[in-house]
Amino acid sequence: MAPPIYSALIISLGLGTTMTFASTHWYLAWMGIEINTLAIIPLMAQNHIPRAIEATTKYFFVQATASATLLFAGISNAFLTGQWDISYTPYTLTSTLITLALAMKIGLAPLHSWMPEVMQGLNLLTGLILSTWQKLAPLYLIYQIQPNNPNIFIALGLLSIIVGGWGGFNQVQLRKILAYSSIAHLGWMILILSFSPPLALLTIIIYILMTFSLFSSFMLTRTTHINSLSTTWAKIPILTISTPLILLSLGGLPPLTGFMPKWMILQELTKQSLCPLAIMAALSSLFSLYFYLRLSYAMTLTMPPNNPAGTLPWRLNPRHKTLPLALTTTSTICLLPMTPAIMSLMPF
């Protein structure tokens, strides 16, 4: 893809999300999300292979369905209330339709089935954009809705945590595993959104840091299959240490950064007298922890295949800048001691 076209598409991605963030009108917010969708489709189809074209087609149909539902719900809400204000959705039917449409856009269970298949057809950079930046605008709108009955958020969040962990059990393709990881983390965000929006924001920020670190590590080693992880030591040895720590941080193990949001979410659910929900969420996260441990085991405790001399890549010069990876990896691993300072800065 030509650099000017690529730059224009990246600028359009930023413009669409910014337009949605700045909107108080349903139509403008919908337009921002559509700009986002139309900007990422050429990025997804830039590799002219059948799998990428199939993934792009699936993504387009799913997003078109969700966008049509969202526009219909917004028009219905404006017809019933007489105004287009995003934060004013007093009717249960319209708020539920809007929530489900946005849940389909970001891949929340049970509207998640497109996410792993689309991720499998993309390169790692486009998959990173799909897993992080494309989630921001719909999550902002979900935050703006805030229905009177939080049960739909609880149901979507808990189901996403379970499905995200269960779906990644027997996967060997790293992009599908990352897709199920994204679904599970989105479940934690939605679960706490109606009780503590600042905590949901903290969870999103930490999720983006961890996901960026993991995708960048896989891009450096050009790894897309679990069997390829065992040769990481021969390509970039330091990643053999850092990548398992990133995976364990995604799983929420202390004393890593990923433990912070899950710990605080469980604490907040307990304060809200939702102890059974907190227990179910904690137990369901063990599913995700299993496949993170599986990846860590494949990376550190397995021997590489016996390749003939000269065919095993030895300490390749990285094609990408490694400073962002170093910064985000440090944040992914070492931020847990900063929890008291973060809690004092954010209005929990």
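Source: prediction; values computed, not measured.

Considerations on the packing of aromatic side chains
With the rule as written, the count across this model stands at 10 aromatic pairs. Between W166 and F287 the ring centres are 5.1 Å apart and the planes differ by 80°, which places this aromatic pair in the edge-to-face class. Of this pair, W166 sits in helix 8 (residues 151-167) while F287 sits in helix 14 (residues 275-300), placing them 121 residues apart in sequence. W166 gets classed as exposed once you look at its relative accessible area, which sits at 55%. Judged by centre distance (5.7 Å) and plane angle (10°), the rings of F259 and W263 are stacked. Note that F259 and W263 are positioned in helix 13 (residues 259-271) at a spacing of 4 residues, about one turn of the helix. Its relative accessible area of 24% is what places F259 among the partly exposed residues. Counting every residue linked through ring pairs, the aromatic cluster contains W166, F169, F287 and Y290.

Quick look at the domain arrangement of the chain
Many authors give the size of an interface as the accessible area that is lost as the parts come together. By domain assignment, the chain separates into domain 1 (1-148) and domain 2 (151-305 + 321-347). Contacts between domain 1 and domain 2 engage 29 residues on the former and 30 residues on the latter. In total, about 2700 Å² of surface goes out of reach between domain 1 and domain 2, with carbon and sulfur atoms giving 81% of it. Taken together, the links from domain 1 to domain 2 amount to 1 salt bridge. The shortest N-O distance in the salt bridge between E117 and K176 comes to 3.6 Å. Taken together, domain 1 and domain 2 are joined by 5 residue pairs in polar contact (both at pLDDT 80 or more). Residue classes in the side of domain 1 that touches domain 2 are distributed as 18 nonpolar, 9 polar and 2 charged.

Comments concerning the packing of helix 10 (residues 197-221) against helix 15 (residues 323-334)
In the contact formed by helix 10 and helix 15, the axes pass within 9 Å of each other and the chain directions differ by 135°. One element, helix 10, and the other, helix 15, form an angle in the oblique class. As for how helix 10 packs across helix 15, the hand of that crossing is left-handed. Listed contacts from helix 15 to L209, M210, F212, S213, S216, S217 and L220 of helix 10 are P324, L325, T328, T329, S331 and T332. Class assignment for the residues of the contact of helix 10 with helix 15 results in 6 nonpolar, 7 polar and no charged.

Structural notes on empty space enclosed by the protein
Here the structure, examined in full by the defined rule, presents 5 cavities of 30 Å³ or more. As a volume, the largest cavity reaches approximately 70 Å³. Surrounding the largest cavity, I33, N36, T37, Y59, Q63, K105, Q134, A137 and P138 form its lining. Looking at the lining of the largest cavity residue by residue, the classes come out as 4 nonpolar, 4 polar and 1 charged. Quantified by volume, the second largest cavity comes out at close to 50 Å³. Taken together, H185, W188, T203, Y207, M210, L250, G258, P261 and K262 make up the full set of residues lining the second largest cavity.

Let's talk about the packing of helix 4 (residues 92-106) against helix 8
Taken N-terminus to C-terminus, the directions of helix 4 and helix 8 make an angle of 20°; their axes are 11 Å apart at the nearest point. Classified by the interaxial angle, the pair formed by helix 4 and helix 8 is roughly parallel. The way helix 4 lies across helix 8 gives a crossing that is right-handed. Of the residues in helix 8, those touching helix 4 at T96, T99, L100 and A103 are I152, F153 and L156.

Quick look at helix 4
Along its 15 residues, helix 4 runs 21 Å from first to last C-alpha, staying within 8% of the 21 Å computed at 1.5 Å per residue. When helix 4 is considered as a whole, its buried residues turn out to be T94, S95, I98, T99, A101, L102, A103, K105 and I106. Along its buried surface, helix 4 packs onto helix 2 (26-44), helix 3 (50-81), helix 5 (114-120), helix 7 (133-145), helix 8 and helix 9 (174-193). Where helix 4 terminates, the next one or two residues include G107, which has phi positive at roughly 90°.

Focus on the pattern of salt bridges
Tallied over the full model, the rule gives 3 salt bridges. Close ionic contact of K58 with E54 constitutes a salt bridge, the shortest N to O distance being 3.0 Å. In this pair, K58 and E54 both sit in helix 3, 4 residues apart, roughly one turn of the helix.

What counts, and at which threshold
- Residues numbered from 1 in each chain as written.
- Predicted model: local features only at pLDDT ≥ 70, side-chain atom pairs only at ≥ 80, totals over all residues.
- Heavy atoms only, no water.
- Phe/Tyr/Trp six-rings, centres within 6.5 Å; stacked < 30°, edge-to-face > 60°.
- Helix = DSSP H or I, 4+ residues; strand = E, 2+ residues; numbered from the N terminus.
- Buried < 20%, exposed > 50% of the residue type's maximum accessible area, 1.4 Å probe, protein only.
- Domains from an automatic or database assignment.
- Contact = heavy atoms within 4.5 Å.
- Buried area = accessible area lost by both parts, 1.4 Å probe.
- Salt bridge = Lys/Arg side-chain N within 4 Å of Asp/Glu carboxyl O.
- Polar contact = N/O pair within 3.5 Å; in protein donor to acceptor, adjacent residues only side chain to side chain.
- Nonpolar A, V, L, I, M, F, W, Y, C, P; charged D, E, K, R; others polar.
- Axes fitted to C-alpha atoms, helices over the stretch in contact; angles between N-to-C directions.
- Parallel < 35°, antiparallel > 145°, perpendicular 65-115°, else oblique.
- Left-handed = near helix turned anticlockwise from the far one by under 90°.
- 1 Å grid on protein atoms, 1.4 Å probe; cavity = no way out; pocket = protein on both sides within 12 Å on 5 of 7 lines; lining within 4 Å.
- Points joined across faces, edges and corners; volume = space filled by probe spheres on them.
- Expected span 1.5 Å × (residues − 1).

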